[in-house]
Each structure stands twice: as structure tokens, then as C-alpha cells.
Amino acid sequence: MTTEMTPQTTASIPRIEIPPVIRELGLDKQNRAVIGRLILTGGFGFAAEGPGGRLYAQVRIPADELIWQPSVIIMPHEGELELELINDDDNDHAAFLPSNGDFQWIHLVQHSRGSATLSLDGPGCYWFGSPYGNDEGRGLVGVIAVLGETPPQARLDRPPQPRP
Amino acid sequence: MSYISAGRAIPLSTLSGVVGSAPPVAQNVTFERILEARTKEPHNWLTYYGAYDGQRFSPLDQINTQNVSRLRPAWVFQFGTIGIMAGASTYAFEATPIVVDGVMYVSGWDGWVWALDAKTGKELWRYKHASPFDITLCCGNVNRGVAVAKGKVFLATLNARLVALDATTGKQLWSRPFGDVRAGESATVAPLVVKNLVIVGSSGGEFGNRGHLDAFDIDTGEHVWRTYTVPKPGEPGSETWPAEGEPWARGGGNCWVTGTYDPELNLLYWGTGNPSPDFDGTVREGDNLYTDCVIAVDADTGKIRWHYQFTPHDVWDYDSTMECILFELDGQKLLGHFDKNGYFFVLDRTNGKLVRVAPFADRINWGQIDASGKVTVLVAPKEGEEVHFWPGPAGAKEWTHAAYSPQTGLFYVPLQEVGARVMLRRRMFKENIPYWGAHVLTDTEDIYGAIKAVDPRTGNEVWRWRNDHPMCASVLATGGGLVFAGAPTGEFYAFDARTGDVLWQFQCGSGHHSSPISYMVDGKQYIAVPVGWGAWREGFDPKALGVPPGNALFAFALPD
């Protein structure tokens, strides 16, 4: 059963533009430079931090773009992410989302809006995607990038080492 | 514009046949039960090696030399992969399943754990640890198994956390970090429960970190001790590292395979990995303790009581992480270890003194080890010129395990006869970047493998079964007079433990790189083996790089 809802912004997500060369080549459009759209060309978004360190972010599927916008959601630290997902497309999609315990799954029919709570416990890049048809190959692949360091008690007892 | 509510995301397992809970059989799995796992509970496989001694011997004899030819699949559990994951083309099913009173707990690749009905294969619950796809992995997206005790299932995750799960539901109870993913650390080890501790080691010796073992309290997850396998300046063993600079801080020696345990001595026997960089010894002059060692560790404190180094100043990537099998001979408490360097060592496990050393590989040219344990190096990597040595960096035996049968008094070892050409190439250390110090070209011709029976009294070969491919999976010995082992090309074999005759085989469809077990439910004996080819194939069997990857767990039994 579905109900109508009014869209709300759950987080302030400043977006970072993708490199101009991708636009110039047309890799940021479906069926232009290549068949689909180059993955991860839906921009970057920062999760906002709420009370108690809980993080909030929003991701949309724009009409006929087959892309997550933003494609890269940046969590400033590990923890729980409250993610709002909005499908603005005229086609149905869905999402597999990473979370400790199990993948989370949500069906996003056209013009729908849902949410997920995701638990991610360390720095690194975590995949998410839409399993419909070849949504993933066409561009509906995203990354949740968790920033931060390993807690001090787990680090090696050694002097700071050079990084690349 | 208005939107239809899509609701909230739900766990994927709710859209499957998974039951959601397992019988509370793990509630009463205690240290005391694990101590007597083989003698009092042969129907179970309670700990990584089946028992603390690491023998990988099941006394079950319903399946035996007379009837094994009638063995057939009882059930198969498959899973597959979802989405983009770390080392996507390297994942393998390497685990040892644990079985407690009809429930099997087994880990897979990329943070999966499943509880299965050991009689039917039905999935009871599942757990997924969300694993970053950019985690630093040496040799594949793998995990070697879980530990079970006091109602909990323990998993070491790719991102170097120890996670405790509720054994009845699979829900996470606590999670503790024990490695630094930014320092190239990860975890693939099966945890070991001893007393009220759960013990894990780190992976990452190819990235110039500093190996360590960590112990946590089973109940609370409190960190109890950490033992580094490379000493700091001034600590015992530090004299085997250069006095200047920080090679010790990048020295490797990671403990990425489960140890064994002698309860009378209260000693853990844990193998340590290669020094870093793997092949460039010029930056780490000295023996480089405690790399390529067995360390005897006080289980209560983590203190190293003694050590034996199998390959001093290793420049061939000869980890010694693989099992140390505890056995008795003529009243002597011994330890048997097949090393990557091609030699079989028998030590007095009370003090680490060498009792016997003998080659088990056919071709060894990197060096010689005489009866006293003295090592003479013959071939070592050079700058500007490739050298060829046997065994290659994957070793004459990889991490996969040998077995010991107290019934026959023989060891059974999987053999890899693969050499390599290596040229030293120096490089600067940068954290979390591979730190090998060489280029490596593993042989693709003139390679083979075998299952060998070895007499620990002499170190001599008793029988062998030769295979065109190296044998890269663990061996299981049983009370039915059988030895089981899988091949890279998918065949799973049963051998006569006394003669080496092949008595049965089954094509599993993917290569074997795991550890088979045996257990019994409702009076029926099963042989279970995870099957899924992957990991560092170009190292241990480059001729099998194209073998189909897979992810199935087979359970075999006799017909009713």
C-alpha cells in the first residue's frame, strides 16, 4: 500500500560538479558518447551530521538519466546513515544498499520516495546499485565513501609512516 | 509534486527462504567442550581444526574404505555474489565449517556468514558484514572460518574487526577493530576460542605492516592482550633487525592462519608470516624475528615463551603461517609443520627444540637445511637478473592444511611443485601500497602436485598420489581409514589412508581451496567441503587461472 508524501530535504547536500571533460565528451548522458552513462558521474554529496553524530543524506534518480545523484555520498565518519531515496524517473528502479547485518533492499517505483538506515563501521568505499535490468551497467551504481581513521586502540604501535 | 511512499528498506534475507533463527545449540559450547571435542563429540566439528591439536582428524568411521565408493551428494548450499566487492575476480570459498549438534556455521567471501541445517543445507540465518571494496587485500576476498562459543559466532572481517554474532539469530552483538585498514591491514583468519578469550591475527604482510595477535574477552569484547610478532627496538629479538631506521615497523610477520593449542602447557602455537618487503632483504639485514616462525604464546598473557624460525632472513616469501600439528610419539610432545620452504619440521613443543627436519617437496633449490636445522642459502633474488627458485613464493604447501591420523601414525600433506622467476626491484615504502621488492613470474610449465603420506618418525614419504595440478586445498583424515582432498580442477577425492589408492571422486564444478570436515547428524556421517576457486591462483597454480570460480558447499553422505 502506498501513500502520497511531500518531498522533504533530509540533509543539506552541497554538490561538487563533475569534470568538464566528461560533459564535453557526452559521457554524462545516456546514449551519447557510449551506450549508457559513465558510472559515478552523478556528482558528490556530503552527508550532514545531526544530533548524536547521526548522518543524513539524500539521493535521487533524475528522469531518463539512469544515475544516482549524487553518485558518491560522503560520510565524514563511520556510523549510521539515514538515507532518503527519491525516484524522479518515469521508470521503476530499486536499490541494494550496504549495511552491517545484511544488504538493505528497497523497491523504488516511478515517482516514489523511501528511506534506509545503513550501518557502516569503518573507512572505505561501499557499493550500492539498482538491480533492475542493467541499471547498474547503464549508470545506476553509487558509492558511499566513509572517511576517517581506524580507532587509535587498533592502530599499529609504530612511528607515523609515509603515505602515497 | 507528490511521491508514492516506497517505505523503508528491508534486509535482503527477508526476501529469501532463510528461516531467521537457528536452534540454540551453541549456547553451551564452552572451552571445556572444545578441549574434548574429538573424544567426546566426534559428531561435531567444534573448532577450526576439529580439535585444538590441529590434526584435522575425524574419528567417524561410518564412511570407510569399504563403502566410500557409494558416497553421493546429500545437499548443496550456494550463494553467489552481489554488486561490486573487494578483489571481485579473486574471491574464493576458503572456509572450514563449524558444526554443533546439527547446525553448521560457515563464513564466505566479502563478510558473509551463514548458519545452515547440517542435515539438509537449509539456510537458517545469514549475516553480511559491509566490506569496503577498496580494502587492501594481498591474495583474495576470502575468509577461513568462524569460531563458536557461549552462544556466539565470531568472525574476523576484511576490514579487520572482530565481530560477535548471536548464534541463534545472526545479529551482531559487538564489534571491535583490531587492525588498521590504512596501514594495509585486513583479516581473513578463523578466530580461535581458548578459555574465555577469542584470538585473532592480522593479514597484510605484503604491505609493510607489523604483525600481531589480539585476544578479546568472549563475553564483553574487551581487548585483553596484543602480541607483536616483530619486536620494537630494545625488545627481545630486536637485535635481528637493523639498528638504524624503521624496518621493524614495516617488518610483516602477520598471523593470518589459525593457531593450535596445548592445554597442558597452556601454549598457543601460531605460525607467523613473511618479513616485509617480501623479496628485498637488503633493507632488513638480520634474521628478522619473529617472521617465518612458530611462536609458542602463553594463552593468558600473550607472552612469547619460545620460537623456532623456519626461514631466517626470508627473501622468498616463505610464510610459516600454516598449521602446527600437535602429536605424541613415544611419549614425546611434538609439533609437526610443513613449511612453504619445502621442509617438514618436527619440534619438541615443550621447548621448541628441533627433533627432525626433512624435505617434503621434490625440488628445493633456494637453500638447504641440514639435520641440525642449519640453513645454507643457495639462490636468492638479485638486482638486474632473474633467478629461478623452487618452491616458488606460494610455497611447496600453501596455507591449506595437512592432516595427521593417529590411526595410521602418518601425516598427509598437499604438495605444490611450482617454481618462480624473481628479480629484485627495490622500492620505497609507502603505507598501504604493495611492498614486495621484486617482480615475480610463476612457472606455467613443469608444475604438478601430489597428496603425500609422510612418516613423522623418519620424515620419509610412505605413499604419494600425483596430480597434474598442484594440490592447493586442505586434507581431512578420518577414522574410516580415508583421506579426503580436493583438486584445483574440481575433483574431490577419497584416498585409502594406508595405500593412497583413489577410492572415490566427485567433480564439484570449481576448484578446491578450502578445508573439508566430517560430522554426524541423526546417525548419518557427512563429509562437507566448501568449493570456490580463487585467491592467488597465479601463485599456487597459474595453469588453473581459468578454472571456473564458484561458491558452493557440498555435503556428501552414504545412501539411506
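Residues numbered from 1 in each chain as written. Chains lettered and ligands numbered in written order. Predicted model: local features only at pLDDT ≥ 70, side-chain atom pairs only at ≥ 80, totals over all residues. Heavy atoms only, no water.

(A) Structural detail: the overall build of chain B. When its secondary structure is counted, chain B shows three helices and 40 strands. On C-alpha atoms alone, chain B measures out to a radius of gyration of 22 Å, which is about the 24 Å that the 2.2 N^0.38 rule sets for 560 residues. Dimensions of chain B, computed from the C-alpha atoms along their principal axes, are close to 70 × 60 × 45 Å. Considering chain B as a whole, with its 560 residues, one finds that 68% of them fall into the buried category. Partitioning the contacts of chain B with sequence separation of at least 6, the portion at a separation of at least 24 is 61%. For chain B, the accessible area works out to roughly 17,100 Å², and carbon and sulfur atoms hold 49% of it. The average position of the 48 basic charges and that of the 61 acidic charges among the side chains of chain B differ by 3 Å. (Helix = DSSP H or I, 4+ residues; strand = E, 2+ residues; numbered from the N terminus. Rg over C-alpha atoms; globule rule 2.2 N^0.38 Å. Buried < 20%, exposed > 50% of the residue type's maximum accessible area, 1.4 Å probe, protein only. Contact = heavy atoms within 4.5 Å. Areas by Shrake-Rupley, 256 points an atom, 1.4 Å probe, with all protein chains shown as cover. Lys, Arg positive; Asp, Glu negative; His and termini not counted. Charge placed at Lys NZ, Arg CZ, Asp CG, Glu CD.)

(B) Seen up close, the state of the cysteines. Residues and elements named next belong to chain B. A complete count under the given rule lists one disulfide over all chains for this structure. Each sulfur of the disulfide joining Cys138 and Cys139 lies 1.9 Å from the other. Taking the relative accessible area as the measure of exposure, Cys138 reaches 34% and is therefore partly exposed. On the basis of relative accessibility, which here comes to 31%, the residue Cys139 falls in the partly exposed class. For Cys472, which is in no disulfide, the shortest distance to another cysteine sulfur is to Cys139 and amounts to 13 Å. (Disulfide = S-S within 2.5 Å.)

(C) How the structure looks around the sheet that holds strand S16 (residues 223-228) of chain B. Residues and elements named next belong to chain B. In space, the four strands of this open sheet follow the order S13-S14-S15-S16, with antiparallel pairing throughout. This sheet does not close on itself; its edge strands, each paired only once, are strand S13 (192-194) and S16. Along the sheet, successive strands turn relative to each other by an average axial angle of 25°, direction set aside. (Pairing = 2+ DSSP bridges. Axes fitted to C-alpha atoms, helices over the stretch in contact; angles between N-to-C directions.)

(D) Expanded view of the interface of chain B and chain A. Between chain B and chain A, the residue contacts involve 54 residues of the former and 59 residues of the latter. Summing both sides of the interface, chain B and chain A together bury roughly 4,700 Å²; the carbon and sulfur share of this comes to 54%. Broken down residue by residue, the surface that chain B buries against chain A is led by B:Tyr3, B:Ile4 and B:Arg182, which jointly contribute 16%. If you look at where chain B meets chain A, you find six salt bridges. Between chain B and chain A we count 38 residue pairs in polar contact (both at pLDDT 80 or more) in total. Every element with two or more residues in the side of chain B that touches chain A is listed here: strand S1 (3-8), strand S2 (10-11), strand S8 (123-128), strand S12 (172-177) and S16 of chain B. (Buried area = accessible area lost by both parts, 1.4 Å probe. Salt bridge = Lys/Arg side-chain N within 4 Å of Asp/Glu carboxyl O. Polar contact = N/O pair within 3.5 Å; in protein donor to acceptor, adjacent residues only side chain to side chain.)

(E) Seen up close, the nonpolar core. Residue and element names in this part refer to chain B. Tyr105, Phe154, Leu268, Phe484 and Tyr519 are the most contacted members of the largest nonpolar core, which totals 104 residues. Element by element, the count of residues in this core is highest for strand S40 (residues 552-557), at six residues. Discounting residues that sit within four places of it in the chain, Phe154 has contacts with Val146, Ala147, Ala149, Leu162, Val163, Ala164, Trp174, Pro191, Val193, Val198 and Ile218. With 44 residues, the next largest nonpolar core counts Ile325, Phe344, Phe389 and Ala438 among its residues. (Core = buried A, V, L, I, M, F, W, Y, C linked by side-chain atoms within 4.5 Å.)

(F) Up close: the pairing of strand S15 (residues 212-217) of chain B. Residues and elements named next belong to chain B. Most of S15 sits inside the fold, with six of its six residues counted as buried. What you see with S15 is no split at all: His212, Asp214 and Phe216 on one side and Leu213, Ala215 and Asp217 on the other are buried throughout. Pairing between S15 and S16: five bridges, direction antiparallel. Note that in S16 the partner of Phe216 across the bridge is His223.

(G) Representation of the confidence of the model for chain A within the structure. Confidence in the prediction of chain A, expressed as mean pLDDT, is 90, and 90% of residues score 70 or more. Of the regions scoring below 50 in pLDDT, residues 1-12 of chain A engages in 29 contacts with residues more than four places distant in sequence or in other chains. (pLDDT = per-residue confidence, 0-100.)

(H) Expanded view of the packing of aromatic side chains. All names here are of chain B. Inspection of the entire model under this criterion finds 54 aromatic pairs over all chains. Seen from their ring centres, Phe79 and Trp114 are 5.0 Å apart, and the 50° between their planes marks the pair as tilted. Taken as a pair, Phe79 in the loop between strand S4 (72-78) and strand S5 (98-100) and Trp114 in strand S7 (residues 112-117) lie far apart in primary sequence, 35 residues in all. For Phe79, a relative accessible area of 22% translates into the label partly exposed. Ring centres of Phe279 and Trp436 lie 6.2 Å apart, and the angle between their planes is 55°; on these two criteria the pair is classed as tilted. Residue Phe279 is found in the loop between strand S18 (267-271) and strand S19 (293-298), and its partner Trp436 is found in the loop between strand S30 (420-424) and strand S31 (438-442); the two are separated by 157 residues along the sequence. Among the residues examined, Phe279 registers a relative accessible area of 1% and is labelled buried. (Phe/Tyr/Trp six-rings, centres within 6.5 Å; stacked < 30°, edge-to-face > 60°.)

(I) Representation of unusual backbone geometry in the model. Cis geometry marks the peptide bond from A:Gln69 to A:Pro70; its omega dihedral reads 5°. If you trace the backbone, A:Pro70 turns up in the loop between strand S5 (55-61) and strand S6 (72-75). For the bond from B:Trp390 to B:Pro391, the omega torsion is -20°, close enough to zero to count as cis. Relative to the assigned elements, B:Pro391 resides in the loop between strand S27 (387-389) and strand S28 (403-405). Even without being glycine, B:Asp522 reaches a positive phi, approximately 50°.

(J) Local environment of the sheet that holds S12(B). All names here are of chain B. Spatially, four strands are ordered S9-S10-S11-S12 in an open sheet, and the strand pairing comes out antiparallel. Unpaired on one side and paired on the other, strand S9 (147-149) and S12 mark the two borders of the sheet. Averaged over all pairs of adjacent strands, the angle between strand axes in this sheet comes to 20°, irrespective of strand direction. The pairing of strand S11 (residues 161-166) with S12 spans five bridges and is classified as antiparallel. Bridged to Val163 within S12 is Ser175.

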